[in-house]
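The lines below spell out each chain.
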Amino acid sequence: MANNQPSDPVARVRSIDSQQQVTGESSRCNSRRNSFSCSNRGSVSCLEEALSSVVGVLQLSASQESLNDEFKPESEIEIATTNICSSCKEENQIQQALSVQLARQRSYLHGSVGPFQSLLGITELKRTLSDSQLKIFIGTWNMNGKTPPSTLEDLLLPTPLQSLHDVVVIGTQETNGERDEWEVGLQETLGPGHVLFHSVELGTIHLAVFLRRDLIWVCSVPESDTHSTRAGSAFRTKGGVAIGFSIFGTSLLFVNCHLPAHAEKFAERERDLKKILFSLDLPKELPVRKKQRDVTSNYDLVFMCGDMNFRINKPREEVVDIVSKTWVDPSSPCERGLTMLLEADQLKSSLKNNRILKTFNEADITFAPTYKYIPGTNDFDEDKQRIPSYTDRILWKERKGAHVRCAHYDVAKQLKCSDHIPVWAAFQVPIKPGRETIPLSAGTFNRPVYLEGMRRRLQAWDPNKASLSNSASCSLQ
């Protein structure tokens, strides 16, 4: 690595575009795939070296020569497997062929979690996630129908993070523009290390789940459902969407919701949230012992984000005054002022008293209210006299024995095009071995979104080389 690289890992990823290091994905040949086969593939340092290594690959045409690369002799493949980023050489474990003797001895129980290289067993889990911990990034943003900025690093790559997370989940409300365009923008920003595993939308409510590339082989088939709380409305802006799946033996559910506005509709928000959670019909194929009406009871880990619209029960003038005095120094808010705001927060009350919500957790809030701002400024809107509030939240629920750690809970205050400030959180969760009786996704992902995102990254690197041939690139097998 060059000595003049930024010391912060995420900053190094951000600097790739400016250094003309943006890139796409290699072809299907095993030798190229192995250049990405680091066990620590989510590491920024790994991704950075990987990005630099495939720029030349993307310049290949769909010639017979490039197609023949998929069938290189074993000697050439062995040489290529040595092209592993230096920071992970010691950790990397290239998958070895199973000996005939061991194959004859292995267990043939379907879905065995024994030591004999079961796809979802403990050996594969340790190879994929060495500490059996999964890092999850979640962002929520009410876009207010505004056009998002051309670059989304401030939303997806916040500088406090030290590495790219294994799972990246983005929920938006009042989403602007075409679904595909938004998803391509997210893919372009995340780069070739992640793929769009699944997405779902209901009117202007959108949820997308991106996975670290190698994880698509150890997941169940993704399932999704939606519920509108404004039945019969042609333009659906309120309700919830959800995506559920398992990674190895741990089931995950992600919910994005947009609840009714205005301070006086507190009870209606609680009712609508219950309707959403009791109406989402998940899982559909993933095995569960006894399916419950409350969708959150059917998964090991549940993450819920969105514009929940809970308000602060104080006069507007008082809230504005507290905020102005509490965040004189944004990096060190006054604890007394923050406590005063949170004691009057409607959602905090529900987390203590509501039968459904009290099963959820929320990390400590240290940032200012996320609504309602004059777009493009740090000033609260005065025209509609809305009470500044923490409308945008991220909650989680865990089954007994599954400890979720929230490492960060913050805002992307650089994004000011909406009247809401995006909120993001970073989690670390335990993952257990699984059984192959689940319906496996078999490596599926949204290939068109991936191709277009990589094409745009390549175009930013070199406008003359923006054509990606389907036959020469981007098949992640």
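Residues numbered from 1 in each chain as written. Predicted model: local features only at pLDDT ≥ 70, side-chain atom pairs only at ≥ 80, totals over all residues. Heavy atoms only, no water.

## What about the packing of helix 11 (residues 316-326) against helix 12 (residues 335-343)?
Between helix 11 and helix 12, the least distance of the axes is 8 Å, while the angle of their chain directions is 150 degrees. For the element pair helix 11 / helix 12, the angle class is roughly antiparallel. Considering only the axes of helix 11 and helix 12, their crossing is left-handed. Judged by residue contacts, Glu-318, Val-319, Ile-322, Val-323 and Thr-326 of helix 11 engage Gly-337, Leu-338, Met-340 and Leu-341 from helix 12. Residues belonging to the contact of helix 11 with helix 12 are distributed by class as follows: 6 nonpolar, 2 polar and 1 charged. (Axes fitted to C-alpha atoms, helices over the stretch in contact; angles between N-to-C directions. Helix = DSSP H or I, 4+ residues; strand = E, 2+ residues; numbered from the N terminus. Parallel < 35°, antiparallel > 145°, perpendicular 65-115°, else oblique. Left-handed = near helix turned anticlockwise from the far one by under 90°. Contact = heavy atoms within 4.5 Å. Nonpolar A, V, L, I, M, F, W, Y, C, P; charged D, E, K, R; others polar.)

## What about the packing of aromatic side chains?
If you walk through the whole model with that rule in mind, you get 11 aromatic pairs. A centroid spacing of 5.7 Å and a plane angle of 20 degrees characterise the contact between Phe-137 and Trp-424, whose relative ring orientation is stacked. Here Phe-137 is found in strand 1 (residues 133-142), whereas its partner Trp-424 is found in strand 11 (residues 423-430), with 287 residues between them in sequence. Each member of the pair, Phe-137 as well as Trp-424, is classed as buried. Between the aromatic rings of Trp-396 and Phe-427, the centroid separation amounts to 5.4 Å while the plane-to-plane angle is 70 degrees, which identifies the pairing as edge-to-face. Residue Trp-396 is located in strand 9 (residues 392-398), and its partner Phe-427 is located in strand 11; the two are separated by 31 residues in the primary sequence. Of the two residues, Trp-396 and Phe-427, neither departs from the other in class, the shared state being buried. Among the aromatic residues, those joined into a cluster by ring pairs are Phe-197, Phe-245, Phe-254, Phe-303, Trp-396 and Phe-427. One Lys or Arg, Arg-269, reaches over the ring of Phe-310 and ends 5.4 Å from the middle of that ring. One Lys or Arg, Lys-274, reaches over the ring of Phe-278 and ends 5.7 Å from the middle of that ring. (Phe/Tyr/Trp six-rings, centres within 6.5 Å; stacked < 30°, edge-to-face > 60°. Buried < 20%, exposed > 50% of the residue type's maximum accessible area, 1.4 Å probe, protein only. Lys NZ or Arg CZ within 6 Å of the ring centre and 35° of its normal.)

## Side note on a positive patch on the surface
A grouping of Lys-274, Arg-293, Arg-355 and Lys-358 is seen on the molecular surface, where their side chains present a positively charged patch. Here Lys-358 shows up in the loop between helix 13 (346-353) and strand 9. When its relative accessible area of 48% is taken as the criterion, Lys-358 is described as partly exposed. (Patch = residues over 30% accessible without salt bridge, like charges linked within 9 Å, V, L, I, M, F, W, Y side chains within 5 Å. Areas by Shrake-Rupley, 256 points an atom, 1.4 Å probe, with all protein chains shown as cover. Salt bridge = Lys/Arg side-chain N within 4 Å of Asp/Glu carboxyl O. Lys, Arg positive; Asp, Glu negative; His and termini not counted. Charge placed at Lys NZ, Arg CZ, Asp CG, Glu CD.)

## Describing helix 9 (residues 179-190)
Under the 1.5 Å per step criterion, the end-to-end length of helix 9 is 17 Å for 12 residues, consistent within 8% with the ideal 16 Å. Lining the buried residues of helix 9 we find strand 1, helix 8 (153-156), strand 2 (167-173), strand 3 (194-202), strand 4 (205-212) and helix 14 (447-461). (Expected span 1.5 Å × (residues − 1).)

## Brief notes about the sheet that holds strand 1
An order of 3-4-2-1-11-10 is seen for the 6 strands of this open sheet, with the pairing classed as mixed. The open sheet terminates on both sides in strands that have one partner only, identified here as strand 3 and strand 10 (405-411). Put simply, the sheet's adjacent strands are angled 15 degrees from each other on average, direction ignored. The pairing of strand 2 with strand 4 spans 6 bridges and is classified as antiparallel. Counterpart to Val-168 in the pairing with strand 4 is Phe-210. The sheet contacts of helix 9 involve strand 1, strand 2, strand 3 and strand 4, and relative to strand 3 the element is tilted by about 155 degrees. (Pairing = 2+ DSSP bridges.)

## As for the environment of Trp-217
Examined against the element boundaries, Trp-217 turns out to sit in the loop between strand 4 and strand 5 (223-228). We classify Trp-217 as partly exposed; its relative accessible area is 35%. Sequence separation of Trp-217 and Ser-441 is 224 residues, and the distance between their C-alpha atoms is 6.8 Å.

## Some details on the sheet that holds strand 6 (residues 239-247)
What holds strands together in a sheet is hydrogen bonding between their backbones, with the strands either parallel or antiparallel. A sheet is described by the order of its strands in space; here 5 strands give the open sequence 5-6-7-8-9, paired in mixed fashion. Single-partner strands in this sheet number two, and they are strand 5 and strand 9. Pairwise comparison of adjacent strand axes, ignoring direction, gives a mean angle of 15 degrees for this sheet. Sheet strands touched by helix 10 (residues 266-279): strand 5, strand 6, strand 7 (250-258) and strand 8 (301-307). Its angle to strand 5, the strand with the most contacts, is close to 145 degrees.

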